[in-house]
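# Chain and residue survey
Chain residues, written in single-letter form:
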Amino acid sequence: MVENKYRQLVLKHGFVNEPVSVDIDLLKEINFLKRSKNAVILGHYYISPELQDISDFLGDSLALAQKAQKTDADIILFVGVHFMGETAKILNPGKKVIVPDLNAGCSLAESAPAGAFLTFKNNHAGHKVISYINCSAEIKALSDVIVTSSNAMKIVESFPKQQPLIFAPDKNLGNYINSVTGREMVLWDGACMVHEKYSLEKIIDLMDQHPDSEFIAHPECTQPVLMVANFIGSTTALLSYVTKSIASKFIVATESGILHQMLKANPDKIFIPAPSTDSTCGCNDCSFMKLNTLQKLYLALKYEQPEILLDPSLLEKAKIPILRMLELSK
Ligand code: 13P
Ligand code: SF4
């Protein structure tokens with residue numbers, strides 16, 4: 001009955017919407033719940049600094065999928081966005097995978113509804129489907145292989161040159177790979193609402209104001225922005241680049257959460273968030289990632305809700321291209 005009450009709250013709000021007393025020491029409680037339930041907290045670099053600091057493992061999409069594959073915890077609390085929790089569940093059908101808030105989606109994943117994508121795929125007979133991990137389980141099930149921004153280039157290049165390819169759902173990442181590899185992959189028309197908003201004009205102004213800086217960008221950015229970047233890479237690659245580089249100032253075109261780790265690893269270096277077209281929108285923050293809060297994380301662990309549940313046959317189909325990716329990433 002009690003469990004039912006929390007499931008109802010999740011159905012209504014997408015998370016356990018219960019007031020949390022200010023007297024509760026959330027960090028202490030979370031640590032206690034984690035130990036007593038043998039749970040592990042996996043967090044993406046884009047979540048807020050306080051949540052990054054309590055994650056057992058922090059990483060980019062590839063590292064998190066690899067970690068999810070290996071964990072021996074009974075419960076995985078995934079602090080990121082929905083497709084990441086779903087991927088963890090696909091890799092661990094027998095474990096309980098919970099997330100702080102089911103509303104934490106992704107503009108890329110939402111850009112590719114399964115019905116429309118199936119029609120697109122059917123209109124391109126003979127094409128293999130390569131999908132960026134930022135997509136739903138349904139799209140994964142329609143794909144031959146999954147990629148992340150860390151391994152996309154390598155996996156695309158593993159296909160023979162003459163093999164026609166579809167790349168979905170991120171047209172910017174797909175376009176970037178096409179430009180580097182000389183391929184002509186057919187692109188699905190999706191984009192990340194954070195990375196597509198960077199303003200080339202303002203970035204160039206900023207580079208002029210800081211001639212000693214390097215401009216680094218995530219490949220989800222648009223082509224004109226990528227063309228002026230000194231370095232392009234996944235969140236993990238950007239983090240290791242700024243740590244190794246002899247430069248001491250960086251203009252960073254990716255979600256602002258990563259700056260926390262960049263500063264932690266390089267306290268003497270300066271990191272400037274790249275400006276967006278709209279200076280009032282707070283566009284450097286992914287509003288989905290930022291739906292995760294300490295209170296929701298605590299309630300999720302306490303009630304083991306919201307849980308990611310998937311139809312077993314969909315799960316089995318979606319697992320094949322993810323395992324293929326993990327194999328190709330070794
Ligand atoms: P990576 O984690 O592969 O860097 O991708 C960033 C992203 O947009 C995740 O949603
Ligand atoms: Fe999706 Fe972009 Fe947010 Fe990443 S930053 S979760 S790609 S909307």
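Our subject in this report is the structure included herewith. Fair warning: this is a prediction, and the values are worked out from it, not measured in the lab.

## Some points on the sheet that holds strand β4 (residues 96-98)
Two pairing modes exist for strands in a sheet, parallel and antiparallel, and in both the strands are linked by backbone hydrogen bonds. Within the open sheet, the four strands sit side by side as β2-β1-β3-β4. Their pairing is parallel. Of all strands in the sheet, those bounded by a partner on one side alone are β2 (57-59) and β4. With strand direction ignored, the average angle separating the axes of adjacent strands in the sheet is 20 degrees. Inspection of the sheet shows strand β1 (residues 39-44) paired to β2 by three bridges, in the parallel sense.

## Quick word on the site of ligand 2
Contacts to ligand 2 come from Y46, V81, C106, S107, L108, N134, C192, V194, E220, C286 and M289. For the shell around ligand 2, the residue count by class is eight nonpolar, two polar and one charged.

## Considering the site of ligand 1
If you check the shell around ligand 1, you find H44, Y46, D60, S61, M84, Y132, N134, S149, H218, E220, S234 and T235 and nothing else. The separation between an oxygen atom of ligand 1 and a polar side-chain atom of S149 is 2.6 Å. Protein contact buries 97% of the 300 Å² of open area that ligand 1 shows by itself. Looking at the shell around ligand 1 residue by residue, the class counts come to three nonpolar, seven polar and two charged.

## Some words on helix α14 (residues 258-265)
Buried residues of α14: I258, L259, Q261 and M262, and no others. Down the axis, α14 shows its buried residues gathered within 160 degrees of arc, on one side only.

## Brief notes about the packing of aromatic side chains
Counted by the stated rule, this structure contains six aromatic pairs. With a centroid separation of 3.7 Å and an interplanar angle of 15 degrees, the aromatic rings of Y6 and Y303 are classed as stacked. With Y6 in helix α1 (residues 2-13) and Y303 in helix α15 (residues 294-303), this pair connects stretches of sequence that are 297 residues apart. Exposure class is identical for Y6 and Y303. Each is buried. Taking the centre distance of 5.0 Å and the plane angle of 90 degrees together, the rings of F120 and W188 count as edge-to-face. Of the two residues, F120 is situated in helix α7 (residues 114-122) and W188 in the loop between β8 (186-187) and α11 (200-209); the sequence distance between them amounts to 68 residues.

Scoring rules and cut-offs
- Residues numbered from 1 in each chain as written.
- Chains lettered and ligands numbered in written order.
- Predicted model: local features only at pLDDT ≥ 70, side-chain atom pairs only at ≥ 80, totals over all residues.
- Heavy atoms only, no water.
- Pairing = 2+ DSSP bridges.
- Helix = DSSP H or I, 4+ residues; strand = E, 2+ residues; numbered from the N terminus.
- Axes fitted to C-alpha atoms, helices over the stretch in contact; angles between N-to-C directions.
- Near = heavy atom within 4 Å.
- Nonpolar A, V, L, I, M, F, W, Y, C, P; charged D, E, K, R; others polar.
- Polar contact = N/O pair within 3.5 Å; in protein donor to acceptor, adjacent residues only side chain to side chain.
- Areas by Shrake-Rupley, 256 points an atom, 1.4 Å probe, with all protein chains shown as cover.
- Buried < 20%, exposed > 50% of the residue type's maximum accessible area, 1.4 Å probe, protein only.
- Arc of directions from axis to C-beta.
- Phe/Tyr/Trp six-rings, centres within 6.5 Å; stacked < 30°, edge-to-face > 60°.

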